[in-house]
Amino acid sequence: MTTPNLSESTLAPFALDEDARAALFTSARSAIAFDERPVDAALVTRAWDLAKFGPSSMNTQPLRLVVARSEAARAAVIDAAMPGNRPKLAQAPLLLVAAHDDRFHDHHEVTAPGMAGFHERFETNPEMRAGLAHSGAMLQLGYLIVALRAEGLALRPYGGFDKAALDAALLPEGWRSEVILGVGHPTVGDDLSGERRGRIAAEVGVREL
């Protein structure tokens, strides 16, 4: 399917140009190789400060991020991963653990000031709270991935790992791991990500009623 050719007059003033769209989506890859430059902590902070503005249910912010920079923290992340993913994670200059906070509603004075009954609603319904903690964190993670790309970084998400072991090793009480990210600066030259796999076209995935 070809992308519709929209003239400049039909685009909103804040629409991204083709270079920006390519950097964030069409040319970006799930990287397994990076150059040797370390990832500055400021880039992760800046990506967080972009991603936090993405819309979420009732403005809840359940996503949490553990930056595994020390050798001990890196080892804990790699040890928890599936054996086939460990060499890939070892190549990433920086490892991030995306998690959710079971007590996200404790921050309601920041995220939902003045919303009557907000804290009590989630405090008295742990099942609902757990569901939103997971789904909300995964929604925010999508924003974070795009934000990291916007800071010029490449990354690859990993879902196969021992969550209980990683939680016990690195996460504060009440945080639960969701996804591991291997992050770094993209390589220049050969693309080691392999041939890009297909994507479902809009005719299959979009239905207008």
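Since the structure is predicted, the reported quantities are computational estimates derived from the model, not experimental observations. (Residues numbered from 1 in each chain as written. Predicted model: local features only at pLDDT ≥ 70, side-chain atom pairs only at ≥ 80, totals over all residues. Heavy atoms only, no water.)

Asks: Mind showing me how you'd approach the overall build of the protein here?
Replies: Broken down by element type, the protein carries nine helices and four strands. Across the protein, helices and strands are ordered from the amino to the carboxyl terminus as α-α-β-α-α-β-α-α-α-β-α-β-α. For the protein, the spread of C-alpha atoms along the three principal axes comes to 50 × 45 × 35 Å. For the protein, restricting intrachain contacts to residue pairs at least 6 apart in sequence, the fraction spanning at least 24 positions comes to 79%. When the accessible surface of the protein is summed, it comes to about 12600 Å², and 56% of that surface belongs to carbon and sulfur atoms. Here the protein contributes 21 positively and 27 negatively charged side chains, and the mean placements of these two sets differ by 3 Å. (Helix = DSSP H or I, 4+ residues; strand = E, 2+ residues; numbered from the N terminus. Contact = heavy atoms within 4.5 Å. Areas by Shrake-Rupley, 256 points an atom, 1.4 Å probe, with all protein chains shown as cover. Lys, Arg positive; Asp, Glu negative; His and termini not counted. Charge placed at Lys NZ, Arg CZ, Asp CG, Glu CD.)

Asks: Any chance you could explain the packing of aromatic side chains here in plain terms?
Replies: The relation between two aromatic rings is expressed through the spacing of the ring centres and the mutual angle of the planes. One pass over the structure, following the stated rule, counts two aromatic pairs. Relative to Phe 122, the ring of Phe 104 lies with its centre 5.3 Å away and its plane at 70°, an arrangement referred to as edge-to-face. Note that Phe 104 is positioned in the loop between β2 (94-101) and α5 (108-111) and Phe 122 in helix α6 (residues 118-123), a separation of 18 residues in sequence. Ring centres 5.1 Å apart and planes at 55° place the aromatic pair Phe 118 and Phe 122 in the tilted group. With Phe 118 and Phe 122 both in helix α6 and four residues apart, this pair spans about one turn of that helix. (Phe/Tyr/Trp six-rings, centres within 6.5 Å; stacked < 30°, edge-to-face > 60°.)

Asks: Could you clarify how one ought to interpret the sheet that holds strand β1 (residues 63-68) in this entry?
Replies: Two pairing modes exist for strands in a sheet, parallel and antiparallel, and in both the strands are linked by backbone hydrogen bonds. In space, the four strands of this open sheet follow the order β1-β2-β4-β3, with antiparallel pairing throughout. On the outer flanks of this sheet lie β1 and β3 (154-158), each paired with one strand and no other. On average, each strand axis in the sheet is tilted by 30° relative to the strand beside it, whichever way the strands run. In the sheet, β2 pairs with strand β4 (residues 175-184) via eight bridges, with the strands oriented antiparallel. The partner of His 100 across the bridge, within β4, is Arg 176. Helix-sheet contacts for helix α3 (residues 71-80) involve β1, β2 and β4, and the interaxial angle to β2 is about 70°. The strands touched by helix α8 (residues 163-170) are β2 and β4; relative to β4, the strand with the most contacts, the crossing angle is about 85°. (Pairing = 2+ DSSP bridges. Axes fitted to C-alpha atoms, helices over the stretch in contact; angles between N-to-C directions.)

Asks: What am I meant to see in the nonpolar core here?
Replies: Generally speaking, a soluble globular protein has its nonpolar side chains buried in company with each other. Grouped together as the largest cluster of nonpolar side chains are 21 residues, with contacts concentrated most on Leu 96, Leu 141, Leu 144, Leu 148, Leu 181 and Val 183. Those elements that provide at least two residues to this core are α2 (41-51), β1, β2, α7 (126-150) and β4. The greatest single-element share of this core, amounting to six residues, is contributed by α7. Residues in contact with Val 183, not counting those within four places in the same chain, are Phe 34, Val 39, Ala 92, Pro 93, Leu 94, Leu 96, Leu 153, Ala 154 and Leu 155. (Core = buried A, V, L, I, M, F, W, Y, C linked by side-chain atoms within 4.5 Å. Buried < 20%, exposed > 50% of the residue type's maximum accessible area, 1.4 Å probe, protein only.)

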